[in-house]
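The lines below spell out each chain.
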Amino acid sequence: VQLQASGGGLVQAGGSLRLSCVASGHNLNNRPAGWFRQTPGKEREWVGGIKWRDDSTFYADSVKGRFTISRDMPKNTVYLQMNSLKPEDTAVYYCAARQLWTDLSTGPSDYTYWGQGTQVTVSS
């Protein structure tokens, strides 16, 4: 599975961005997918994810109520809608997918496939 993340950019605090993660090569719809973010000198942090079984979503406390993950099956794409952005949301955002039929996980090491990352910068 090859993942292509896009949609990052510069936005003012309080603004919104939507990140996209398009999969090619294999079906993303039967895999759990996660979004992570990373800032220099820090470990990759789980932002949220979506299950394959019922598309239920889960989020880190830091983004709950502001970020929404969704899946478009025909497009083999997972989205991360980010609203009410804060300067502390500034990071490189990565999408990731696990193996088929596995459970959603918050641990980066559980994910086999990764997108290349897209920079999100939130100015104050």
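Bear in mind that the values here come from a model prediction, so they are computed numbers and not experimental data.

Overview of the overall build of the protein chain
Within the protein chain one finds zero helices and 11 strands. For a compact globule of 124 residues, the expected C-alpha radius of gyration is about 14 Å, and the protein chain comes in at 13 Å, within 12% of that figure. With 124 residues in all, the protein chain has 46% of them scored as buried. The contacts in the protein chain between residues at least 6 apart in sequence include a share of 57% that link residues at least 24 apart. Entry remark: accessible area of the protein chain is about 6200 Å², with carbon and sulfur atoms responsible for 48%. Each charge class in the protein chain was averaged separately, 13 positive and 10 negative side chains, and the resulting centres sit 3 Å apart.

Re the nonpolar core
Grouped burial of nonpolar side chains is what soluble globular proteins tend to show. Formed by 34 residues in total, the largest nonpolar core has its most connected members in Leu3, Trp35, Phe67, Leu80, Met82 and Tyr93. Only β1 (2–6), β3 (17–24), β4 (33–38), β5 (45–50), β7 (67–72), β8 (77–82), β9 (91–97) and β11 (118–123) provide two or more residues apiece to this core. No other element matches the five residues that β9 contributes to this core.

Description of the environment of Phe67
Tracing the backbone through its elements, the reader meets Phe67 in strand β7. You can call Phe67 buried: its relative accessible area is 2%. Spatially, the C-alpha atom of Phe67 lies 8.7 Å from that of Val47, the residues being 20 residues apart in sequence. Each residue touching Phe67, except ones within four places of it in the same chain, is listed here: Arg37, Val47, Tyr59, Leu80, Gln81, Met82, Asn83, Leu85, Asp89 and Tyr93.

Quick look at the pairing of β4
Counting buried residues in β4 gives five out of six residues, a clear majority hidden from the surface. Direction of pairing for β4 relative to β5: antiparallel, over a ladder of five bridges. Each bridged residue has a counterpart across the sheet, and for Ala33 the counterpart in β5 is Ile50. Where β4 folds back on β5, the antiparallel hairpin that results is connected by six residues, among which Gly41 adopts a positive phi of roughly 85 degrees. Where β4 and β9 come together, six bridges link them in antiparallel fashion. The residue bridging Gly34 from the neighbouring strand is Ala96, located in β9.

Section: the pattern of salt bridges
Pairs can form between side chains of opposite charge once their charged atoms are near each other. By the definition in use, this model includes five salt bridges. Among the salt bridges present, the one from Lys64 reaches Asp61, with a minimum N-O distance of 3.0 Å. Note on Asp61: relative accessible area 66%, which makes it exposed. Among the ionic contacts, a cluster of salt bridges with common partners joins Arg37, Glu45, Arg66 and Asp89.

Things to note about the sheet that holds β3
Read from one edge of the open sheet, four strands run β1-β3-β8-β7, paired in antiparallel fashion. Edge positions in the open sheet fall to β1 and β7, since each of these has one partner strand only. Along the sheet, successive strands turn relative to each other by an average axial angle of 15 degrees, direction set aside. Where β7 meets β8, six bridges bridge the pair, whose relative direction is antiparallel. Note that in β8 the partner of Thr68 across the bridge is Gln81.

Each value, and the rule that gives it
Residues numbered from 1 in each chain as written. Predicted model: local features only at pLDDT ≥ 70, side-chain atom pairs only at ≥ 80, totals over all residues. Heavy atoms only, no water. Helix = DSSP H or I, 4+ residues; strand = E, 2+ residues; numbered from the N terminus. Rg over C-alpha atoms; globule rule 2.2 N^0.38 Å. Buried < 20%, exposed > 50% of the residue type's maximum accessible area, 1.4 Å probe, protein only. Contact = heavy atoms within 4.5 Å. Areas by Shrake-Rupley, 256 points an atom, 1.4 Å probe, with all protein chains shown as cover. Lys, Arg positive; Asp, Glu negative; His and termini not counted. Charge placed at Lys NZ, Arg CZ, Asp CG, Glu CD. Core = buried A, V, L, I, M, F, W, Y, C linked by side-chain atoms within 4.5 Å. Pairing = 2+ DSSP bridges. Salt bridge = Lys/Arg side-chain N within 4 Å of Asp/Glu carboxyl O. Axes fitted to C-alpha atoms, helices over the stretch in contact; angles between N-to-C directions.

These figures capture arrangement, not role.
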